[in-house]
Amino acid sequence: MKRFLAAIQFLTVVPLPASLAIGERDLGRSAPFFPLVGLGIGAVAAGLDCLWSQILPLTVASILTVIFLLAASGGLHLDGLADTADGFFSSRPREKILAIMRDSRTGPMGVMAIVLVLILKITLLASLPAAARWWVLLLTPFAGRCALLVQMTLLSYARTEGGLASIFYPHRSRLHAVMALAALAVVGWLAGGWIGVAAGLFVFVFSLLFAAYVYAKIGGFTGDTLGAACELSELIPAFVCIVCAQRGWGI
């Protein structure tokens, strides 16, 4: 239970009592619970969106839902996306990329990455078929947290001096990636049928490709690349659903 609570504490802004005494060991072993936390965020987002969509224009409801998803994690993953964009698109060698990513200041590439991802999230959400909106929102944060497991499983930690994300590295297991794939398939099927399964499989494939890209750039993962994987993977369920809707496939 402490590991699950540690995952909630790490991935969300939900306040937990200090009396729970959640320690570093609990946090290091909490990664298998990341998808479950994502599923919880998705369930709340879907419920709130259902409410907002009844009383507000669809675009406004979509903006509020994206704001909620951002606020739920305290902007943790979006910050990682910005730092990754600044480093990876700097055309510098590995060590310089890592130094840029560690810089707390956000450069132009990071700003562009944030703006583009937020615009895409709002536009995709506003473009979804009404019948699929709830399950796509359920899958969105769930998919992002599964992507974290995939990258942590496949790659070693990139920094020799350690960092926040290094706490998870000693406790990683290839079983976590298998669990992520199975969870994406099962939850996708239960929520969205075969289109949900397709969305989950595309998330998994994207996670593998992005992990390969990260490895080519810096030789391993960091907390920032995990955040980038989460944010980018969250776009995929809506993309898949909209493509299927445009083709008239099952929606």
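Predicted model, so just to flag it, every value in this text is computed and none were measured.

1. Here we look at unusual backbone geometry
Consideration 1: The residue Ser-91 is not glycine, and still its phi comes out positive at about 55°.
Consideration 2: Its place among the elements puts Ser-91 in the loop between α5 (76-88) and α6 (94-102).
Consideration 3: The class for Ser-91 is exposed, based on a relative accessible area of 72%.

2. Considering the side chain of Ser-90
Consideration 1: Along the chain, Ser-90 turns up in the loop between α5 and α6.
Consideration 2: The exposure class assigned to Ser-90 is buried, which follows from its relative accessible area of 18%.
Consideration 3: For Ser-90, the side chain forms a polar contact with the main-chain oxygen of Gly-87, separated by 2.6 Å.
Consideration 4: In this structure Ser-90 touches Ile-97 and Ile-100, once residues within four positions along its chain are discounted.

3. Focus on the environment of Val-150
Consideration 1: Looking at the secondary structure, you find Val-150 in helix α8 (residues 133-154).
Consideration 2: Residue Val-150 is classed as buried on the basis of its relative accessible area, which comes to 1%.
Consideration 3: Note: C-alpha distance between Val-150 and Arg-94 (56 residues apart in sequence) is 22 Å.
Consideration 4: In this structure Val-150 touches Ala-180, Phe-204, Ser-207 and Leu-208, once residues within four positions along its chain are discounted.

4. What about the packing of aromatic side chains?
Consideration 1: Inspection of the entire model under this criterion finds eight aromatic pairs.
Consideration 2: Between Tyr-157 and Phe-221, the aromatic rings sit 5.4 Å apart at their centres with planes inclined by 75°, giving edge-to-face as the arrangement. Taken together, the residues Tyr-157 in the loop between α8 and α9 (174-218) and Phe-221 in the loop between α9 and α10 (223-233) connect sequence positions 64 residues apart.
Consideration 3: Taking relative accessible area as the criterion, Phe-221 reaches 0% and is therefore assigned buried.
Consideration 4: Through a chain of ring-to-ring contacts, the aromatic side chains of Phe-88, Phe-206, Phe-210 and Tyr-213 assemble into a single cluster.

Basis of the calculations
- Residues numbered from 1 in each chain as written.
- Predicted model: local features only at pLDDT ≥ 70, side-chain atom pairs only at ≥ 80, totals over all residues.
- Heavy atoms only, no water.
- Helix = DSSP H or I, 4+ residues; strand = E, 2+ residues; numbered from the N terminus.
- Buried < 20%, exposed > 50% of the residue type's maximum accessible area, 1.4 Å probe, protein only.
- Polar contact = N/O pair within 3.5 Å; in protein donor to acceptor, adjacent residues only side chain to side chain.
- Contact = heavy atoms within 4.5 Å.
- Phe/Tyr/Trp six-rings, centres within 6.5 Å; stacked < 30°, edge-to-face > 60°.

Honestly, that's just the spatial picture; any functional story needs more than this.
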